[in-house]
Every structure is written in structure tokens, then in C-alpha cells.
Amino acid sequence: MGVIRYRIEKGFGRFAHTIYRNRIKTIIFMLFITGVIVSQIPQITIDTSMEGFLHEDDPAMLAYNGFRDQFGRDEVVIVTLQPPDIFNLKFLKTLTSLHDELEEKVPYIDDITSLVNVRNTRGEKDELIVEDLLENWPATEQEMVVLKERVLASPIYKNTMISEDGRFTTIIIRTHSHSSIDQDTELMEGFGDTEQDSSPVPAAETKQPVYLTDRENSEVVLAVQQVVENFRSDDFPIWVAGSPVVTHFLKQSMMSDIRKFLVMATATVALALFIMFRRISGVVLPLVVVFLSLLTTIGLMAIFGVPIKVPTQILPSFLLAVGVGPSVHILAIFLHRYRKNGDKEESVAYAMEHSGLAVVMTNVTTACGLVSFSTAELAPIADLGIFAGIGVMLAFINTIVLLPALLALVPIPQKAPRESTDKRTVMGRLLTSVGNFSTNHPIAILIVSSIIMLTSAVAISTIRFSHHPLRWFPEDNTIRVSTEKIDQELKGSISLEIIVDTGKENGLYDPALLNRLESAAAHVEKLQYEKLYVGKAWSLTTILKEIHQALNENSAEYYRIPEDRNLVAQEFLLFENSGSDDLEDFVDSQFSKARFMVKVPFEDAYHSGTFIEQVNAYFDQHFPEAHVTLTGMIGLLSRTITAAIHSMAKSYAIALAVITILMILLIGRVRIGLLSMIPNLSPILLMLGVIGFFNLPMDLFTMMVASIAIGLAVDDTIHFMHNFRRYYDQSGDPVLAVHQTLQTAGRAMLVTTVVLSIGFFIFAFATMSNVRNFGLLTGFTIVMALLADYFLAPALMVLVNKKMVANTEPEPDIEFRQIPDER
């Protein structure tokens, strides 16, 4: 194994000589390839929708798309108003003006409903009349009183159009399910061909529908906000909420944070590089390498049609912090050698020989930790794993190809070599003290580490899972305040959609089945799990009861389901002939599928899983002859957290297995390779303990920390073990080898840890709490990983490696210095 490593290291040296002597060609070639890919960045798209978390072929997504194709979009924008008095002529005129202006100025509207035009079903003699509620304006005070009594007494309007206490009213905006792009395409179909081809279209060639895009959703929300702002005042508060608005605010926060993080990450990385190298080239060259890698990665996302989503917003800052590591290690060895001999080409080759293999292994292990996400059941997590892994490998390729060429081209002044750097500098004295402590007290270090790990294990048992996008926003954020207000006053802002498919035409004319749907609504409205409750449940039976009451002299005792199947069919036919299309929202054209809506508050989706199971069990029991499908926004949110838990468990196992194997291969000894995983896993356990101790939610972002952190933490361990093995083989003294490793690789380890941790700590300035927690936890884990490599790894190496006779024939061209043992 030692011979193989030696040949690989020499191969890196020969490769560096080749690059150095062909520097112009290399730079032109690399910039050309990068330029072609980067030119596609303007095509990148953004998707912050809730459905964007799932793969297109996910069963939950397929069910949701089927629902949207049949019944339209379930996501609505809810405009809630609190006037001094709803049933006041002045307010009703204001409401009408706001309603009309929204209808005129908001794009992509499919339907807009308020007290102005909500359905009012009544009968006059034998005639069924379906009209707008304010078709006839109340002209007198007495008529206004009658209107108020009718609205407040009607179960149809309760918690949809008006709150139970009559203080809040709403305007509900439902947009088209499909994008205008898709609709324009449909309008153009059939034009341009003189002959129609009636042959069937193969299933594989069937055009997939384009649903309302993220950009179009933002247009809707911005238009609503602009109109509402003209009516809002201190004595006339208006709240705007609904999942489309949450999606838009997520996008706004994300784009603002991406720009902020990129600037902060660049500044902190540049400062750290300048402090380490004290020269402009030491700042510019690594940044050029990492920015080209970052831009190429984003260009590849655009080429493959992968949008930027909520989890992938960390990608730019992440690659900026992580991608600079390989350049730091190569530059540190290069400048150290260059100070001594003044031969730039030989110094480049030596740096590549010395650190090339370790850089390969660190980038492979980091990429493995990231690519372990590629099998995730969540689309953005899989995207993050794939493209972050690609970005890390691009940074590695640019480091070993472009960086040597740039070093050959850029004038770099030679500085006088430092004397006794291990003793005279602050870093040198610090690392000497660290080496002395870790080698003098290995048993004590292991005992303390074990106690910390056991304590963490106890805290881990208290971890709670969560997926609550609304709670990602600050408490005073407009969308969070509005949504919580609407949930409190109108008992919900999102829905669980249930499709009951009888499998036969006119199956919904059956009074027994309709009565079971009515009983289901009463049962579901009583369900509650944790903070999740049902504000309202309804279906086509609501419309049927209205019709039956209207046709029976508007008598309240007839607000029920007719007992005769033929009468049900006749009443539905009368309603359809009245001119109203409201039945389309609840039933298909064949009267075989019924839509059952359950309105719930925007609460933690982790709890919705149990709630959905309760609902599903009820429908399976009471509708055994029908095919029941549960979907809707709450269904997608529940599926998201379930998929996240499964995906993260799998990615943890993959990352751990692959990285352990790579460590064994690098070190060449199974026992030492397995022991080297202890300093890698200890910070992960400590981080999980912190999550439990501080009662932080284990959400999509905090779940990613472990897999990402282990891929980063192992980098320093690889550099430590790679150099320790080299020096131990030369001297045979584990204590001396530890000191030599700390004084060489330990310096770069410290700098890369500072750069990496700061790169993640800047997420503490994020707008959303999930991103803040992710950054703080990852930065904390990286710092703990360095401490483990400074103390735990040396302690283990001293205990398992005995002092032996030094190798009298050290590997050629390997430089090392004897570090005094100060015990």
C-alpha cells in the first residue's frame, strides 16, 4: 500500500510539471469549458412551492396533480378584513370596490368569492334561483338586519366567508391550476395543419401539463398586495394569507438571503485567506478557483433544468466556503516550499506531491457525504446532494488543474523563510501546546470524550421532528402574523382534499352514500391531534341540502339529503340549469367522483401524518366500495416530512459506510481506519445532542447537518492521518509524529476550519430560522471536528501506535522537521 501511495504522489508531481509547462493552453481550455457552461445561467429558474419538495413521480405528487387536473387548484389567497361593522352599507360598498379591483387587476384568476357574489340559493314557488348574495342590495335598515341574520345563520358561509362571531369576512381568490404557458399552447393546438391526424397519440408522447409557475404565483401575490394596500388603514386592517402567499414570501426571503450570504461569505473567506497568506495572490487565486467552480455548478443546474429551491439556496455560500479548502492546502505547502528554494515549478510539483492524494480523498469523502442525498425522496435534497457534490469535485479539478497554471503565470514574490515557525509564531506555540496536551493525557481525553458522548446520547432521545414552513419566518413577519390571525379567526387556511371515487357513472346519486359523506363531515370536524384541528368539512352534500331546502319553500327542516335517488338527480339537474357552475368544484361530469374538503390551520406537518391516518381509516371503513384518495396541500406537507426522515436515515448510513471504507483505504490499516472514524462521529453525536438539549426542531435543514458535516469533518481527519502516517513511518515515534503533523497539516486544518465554520455561521443572519439553525449547527460541528482532530485523534494514535525503530530510508523528497518534545 505504501508503494502505491508513493507512486500516486509522484504521479501528482509529474502532472503538476505538465500543467506548469503548458499553463497558457491549460488556462484557455479551462476558461472555454467554464464559459460555455456559465453562459446558461440566465436560464436558471426558482421554485419555492410546497409541491416542489417532491419528485414529479412521487405517488403523493401524482395524486395531487390528478386532483388539480380534475378540480383545479386547492391553494387559495385569502384576503381577510375586519371592519367596524360588516353589515353596514358603507363597508359593503367598500368590499364591492375591493372585490372588483382585485378581479380586474390580479392575473390568472379562476374564481374570486366574497360576500358580494357568494352563492345564495333560494326558491320562489317551484323555481330554483341561484344568485349572488348581494344581487339585490339591502335598501333599508330592516333588509340589512335580514341579510345579517341569513349570513350568520347559514352553515355555508361560516368559517369561509365570515367568522363565527361575525367580525371578520374574507375574499377568496382561486387561480388557474395550469400556467398561462400551457393554456397558450392549448389555444394554438390545431392551427397550422390543413389536415387533422386522428391517429391516437402514444402514451409516451402525451404532453405533460404545465402548472402555475413560481413566477406567475408571485405575480398574483404582488398584484393582490398592491390592490389591498390602497384599502388598508389603521382602523380598517386587512390580512393576506394562504399557501401561495407563503410560497411567495419564502422566495423573497430566499433571494434576499442568497445575495447577503454570498457577499458575507466572500468577505470572510477573503479576510481569512489574507490573514493566513499575507499576500494578494493568496486571496485572489483561491477565490478565482472557487467562483469558477460555483458558477459552473449553477450553469449545470440551468442546463439540466434543475431550479433553485428552498434547501438549495445554501449552495452558493456552501461551495464558496467548502471549495476553497483544497486551494488552501496546496497553496500553504507551495508557499512554504517556495520560501526555501525559490523554484516556483519545483514548489508547485512538491505541493501537489505532498497534498494531492489527501486533497483527492478529502474531496471524495465530502462529495460522498453530499451525494448520499442523491437518493433522497425529496427533490431539492437530492438536487442539493448531486450538485453540491459536483461543485466540490469541480473545485477539486480546478485546484489541481487551473491553480498550478495560475501559479505558473502570476508573478509571486519570494519571501524570506521563517525560522522556527513552530516556536516563534502564535499558531506555532498554540499547536505545540495542543500536541503536548493530547500526547501527555490520552486516557483523560478519552474518558472526558466518552462522558460527553453519553450525555449527548441522552439529549438525542428528546429530539422532536418538525416540518412547519410558517414557523421558519420571524414572529413579526407579515405572512406569519396574517396566517396565524386567519387560522385563529376563521379556523384554517389550507386544506386536506379527499376524493371519493365510486367507480361508476352517476354513483353519487345514491342517497345512502351521500348521507355517509354527510356523516363523514360531522365526524371529521370533531377530530384533533396536537394543535391540528378541523375548522370545516364539506362536500357536494352542502349544495344538495341547499337545493332541497330551496325547493321546499326555503324551510330549514328540509336542509337535508333527499331520500329518493331520482329526486337527487333531478335537483342536481335543476342546479346545473340555474347557470351556476359551483358543482364543478365538488364533482366530476359523470357524477362518479366526489371532492370532500377539510379546512385546517397551517400547523406542523409532522403531526398531520397521524391526523391523515385517522381520516383515511374512517373513509376506508365507511366507504369500502369506493376508491378513496387523500391529497391537497396538507397531504404534500405530511409526505414531505415523512420522506425527509426516510431519506436522511438512508443518507446517514450511505455516508457513514462509504467514508469509513475510504478512510481504511487511505490509511491502509483496517483497525486504524475504524479508529479514525471516532473523531469523525463524535462531533455528529455532540451536534445531535445540542439539538435535543436546546429543543431545536429536527426539520429538513437540521436533518442535513449530519451528512454534510461528516463529509466536511472527515477532511481534517484525512489530512491528520495522512501526515501522521508519513511522519510515523519515518520516525517510529507516535508523539513526534503528532507534533510534526500538527505543525504542518494542523495549520491548514485550523485555517480551513475557520473559513468553513464562518462560512456556515453567516447563516445566523438568515431571515428564516431553519436556515439559521442549519448554519449554526453545521459551523458548531465543524469546530468540534477540529477539536476532535486536535485532541481525540492524537490521543488515539499515541495509544494504538507503539514507539519503534525509525525507518532509515525515508520516502524521497519528503521533508520533515524534528519538533522538540516539551513534556
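In the block above lies the structure referred to throughout.
Residues numbered from 1 in each chain as written. Predicted model: local features only at pLDDT ≥ 70, side-chain atom pairs only at ≥ 80, totals over all residues. Heavy atoms only, no water.

As for the overall build of the protein chain
Convention followed: Only DSSP runs of H or I covering at least 4 residues are called helices, and only runs of E covering at least 2 are called strands; the numbering of each starts at the N terminus. A 1.4 Å probe rolled over the protein chains alone gives each residue an accessible area, and that area as a share of the maximum for its type sets the label: buried under 20%, exposed over 50%, partly exposed in between. Whether two residues are in contact is decided by their heavy atoms, any of which lying within 4.5 Å being enough. For the accessible areas, the method is Shrake-Rupley and the probe is 1.4 Å, while residue cover comes only from the protein chains on display. Only four residue types enter the charge count: Lys and Arg as positive, Asp and Glu as negative, with His and the chain ends excluded. In this description, the location of a charge corresponds to atom NZ of lysine, CZ of arginine, CG of aspartate or CD of glutamate.
Counting its secondary structure elements, the protein chain contains 26 helices and 14 strands. With the C-alpha coordinates of the protein chain rotated into their principal frame, the extents come out at 110 × 65 × 55 Å. In the protein chain, which comprises 823 residues, the proportion classed as buried is 58%. Taking all contacts inside the protein chain whose residues are at least 6 apart in sequence as the whole, residues at least 24 apart take part in 81%. Carbon and sulfur atoms form 58% of the exposed surface of the protein chain, whose accessible area is close to 34,100 Å². Taking the 66 positively charged and 91 negatively charged side chains of the protein chain as two groups, their mean positions are separated by 16 Å.

Considerations on the side chain of His 739
When you line up the elements, His 739 lands in helix α25 (residues 734-761). The buried category is assigned to His 739, whose relative accessible area is 1%.

Comments concerning the environment of Asp 165
To keep things clear, this is the line we draw: Side-chain atoms alone can form a polar contact between residues adjacent in sequence; in general such a contact is a pair of N or O atoms within 3.5 Å, and within protein one must be able to donate a hydrogen while the other accepts it.
Relative to the assigned elements, Asp 165 resides in the loop between α5 (141-153) and β5 (169-175). On the basis of relative accessible area, Asp 165 is assigned to the partly exposed category, the value being 43%. Linking Asp 165 and Leu 490, residues 325 residues apart in sequence, is a C-alpha distance of 9.7 Å. Among the polar contacts made by the side chain of Asp 165, one reaches the side chain of Ser 163 at a distance of 2.6 Å.

As for the sheet that holds strand β13 (residues 627-631)
Within a sheet, each strand pairs with its neighbour through backbone hydrogen bonds, oriented either parallel or antiparallel. As a reminder of what qualifies: Pairing between strands is defined by DSSP: at least two bridges between them are needed. Here the axes come from fitting lines to C-alpha atoms, over the contacting stretch only for helices, and the angles between their N-to-C directions go from 0 to 180 degrees.
Pairing is antiparallel in the open sheet, where four strands are placed in the order β11-β12-β8-β13. Among the strands making up the open sheet, the edge pair consists of β11 (536-538) and β13. Strand-to-strand twist in this sheet, taken as the mean axis angle between neighbours without regard to direction, amounts to 15°. For β11 and strand β12 (residues 593-600), the ladder comprises three bridges, and the chain directions are antiparallel. Following the sheet pairing, Lys 536 is matched in β12 by Lys 599. Along the sheet, helix α17 (residues 511-524) contacts β8 (494-501), β11 and β12; its crossing angle with β12, the most-contacted strand, is approximately 15°. Running at roughly 25° to β8, helix α20 (residues 605-622) makes contact with β8, β12 and β13 of the sheet.

Describing the nonpolar core
Burial of nonpolar side chains together is a common tendency in soluble globular proteins. Keep this limit in mind: By nonpolar core is meant a set of buried Ala, Val, Leu, Ile, Met, Phe, Trp, Tyr and Cys residues that side-chain atoms within 4.5 Å join together.
Of all hydrophobic cores here, the largest spans 257 residues; its most connected members are Val 224, Phe 318, Phe 596, Val 598, Phe 611, Phe 619 and Met 704. Once you skip the residues sitting within four places of it in the chain, Val 598 turns out to touch Ile 494, Ser 495, Leu 496, Ile 498, Val 524, Val 534, Lys 536, Ala 537 and Phe 611.

Description of a negative patch on the surface
We count it as follows: Surface patches are defined over residues having more than 30% relative accessible area and no salt bridge, joining like charges when they lie within 9 Å and nonpolar side chains (Val, Leu, Ile, Met, Phe, Trp, Tyr) when within 5 Å. Here, a salt bridge means any side-chain nitrogen of Lys or Arg that lies within 4 Å of a carboxyl oxygen of Asp or Glu.
There is a patch of like negative charges on the surface, built from Asp 100, Glu 103, Glu 104, Asp 110, Asp 111, Glu 576, Asp 581 and Glu 584. For the negative patch, the elements supplying multiple residues, two or more each, are α4 (89-105) and β2 (109-113). In terms of residue count, α4 provides more of the negative patch than any other element does, three residues in total. With respect to the element layout, Glu 576 can be found in helix α19 (residues 565-577).

Focus on the packing of helix α9 (residues 281-303) against helix α10 (residues 315-341)
Quick reminder of the rule: Angle categories: roughly parallel below 35 degrees, roughly antiparallel above 145, roughly perpendicular from 65 to 115, and oblique for all the rest. If you view the pair so one helix is near and one far, a crossing is left-handed when the near helix is turned anticlockwise from the far one by less than a right angle, and right-handed when it is turned clockwise. Under the grouping applied here, Gly and all other residues not named as nonpolar or charged are polar, the nonpolar ones being Ala, Val, Leu, Ile, Met, Phe, Trp, Tyr, Cys and Pro and the charged ones Asp, Glu, Lys and Arg.
Packing of α9 against α10 leaves a shortest axis separation of 8 Å and a crossing angle of 140°. In terms of axis orientation, α9 runs oblique to α10. The handedness of the crossing between α9 and α10 is right-handed. On α10, the residues that touch Gly 282, Pro 286, Leu 287, Val 289, Val 290, Phe 291, Leu 294, Thr 297 and Met 301 of α9 are Leu 315, Pro 316, Leu 319, Leu 320, Gly 323, Val 324, Ser 327 and Leu 331. Its residues placed into classes, the contact of α9 with α10 shows 13 nonpolar, four polar and no charged.

Structural notes on empty space enclosed by the protein
The rolling of a water-molecule-sized probe over the atoms marks out the regions of remaining empty space. Applied cut-off: A pocket, in this scheme, is an open set of points on a 1 Å grid over the protein atoms alone with protein on both sides within 12 Å along at least 5 of 7 lines, while a cavity is a set where a 1.4 Å probe fits but cannot get out; residues line either one if an atom lies within 4 Å of a point. Grid points are joined across faces, edges and corners, and a volume is the space filled by probe spheres set on the points.
Enumeration according to the criterion identifies six cavities of 30 Å³ or more in this entry. Taken as a whole, the largest cavity spans an internal volume of roughly 190 Å³. If you trace the largest cavity, you find 19 residues lining it, with Val 322, Gly 325, Pro 326, Asp 715 and Leu 756 closest to the centre. Of the residues forming the lining of the largest cavity, the biggest block, six residues, is contributed by α10. Its residues assigned to classes, the lining of the largest cavity shows nine nonpolar, eight polar and two charged.

Quick look at the packing of aromatic side chains
Keep this limit in mind: Ring pairs shown here join Phe, Tyr and Trp side chains whose ring centres sit within 6.5 Å, with only the six-membered ring taken for Trp; geometry is labelled stacked below 30 degrees between planes, edge-to-face above 60, and tilted in between. A positively charged side chain is recorded as over a ring if its NZ (Lys) or CZ (Arg) lies within 6 Å of the ring centre. The angle to the ring normal must also be within 35 degrees.
Under the criterion given, the structure shown has 23 aromatic pairs. Plain terms: the ring middles of Phe 318 and Phe 760 are 5.7 Å apart, the flat faces sit at 65° to each other, and that makes the pair edge-to-face. Here Phe 760 lies in helix α25 and Phe 318 lies in helix α10, a separation of 442 residues in the sequence. Each of the two residues, Phe 318 as well as Phe 760, counts as buried. Between Tyr 509 and Phe 572, the ring centres sit 6.4 Å apart and the planes meet at 25°, which makes this aromatic pair stacked. Of the two residues, Tyr 509 is situated in the loop between β8 and α17 and Phe 572 in helix α19; the sequence distance between them amounts to 63 residues. Accessibility expressed as a relative area gives 0% for Phe 572, which makes it buried. Each member of the aromatic cluster is reached from another via a ring pair, and the members are Phe 261, Phe 318, Trp 472, Phe 701, Phe 760, Phe 763 and Phe 774. Its guanidinium or amino end placed over the ring of Trp 538, Lys 536 lies 5.8 Å from that ring's centre, counting from NZ or CZ.

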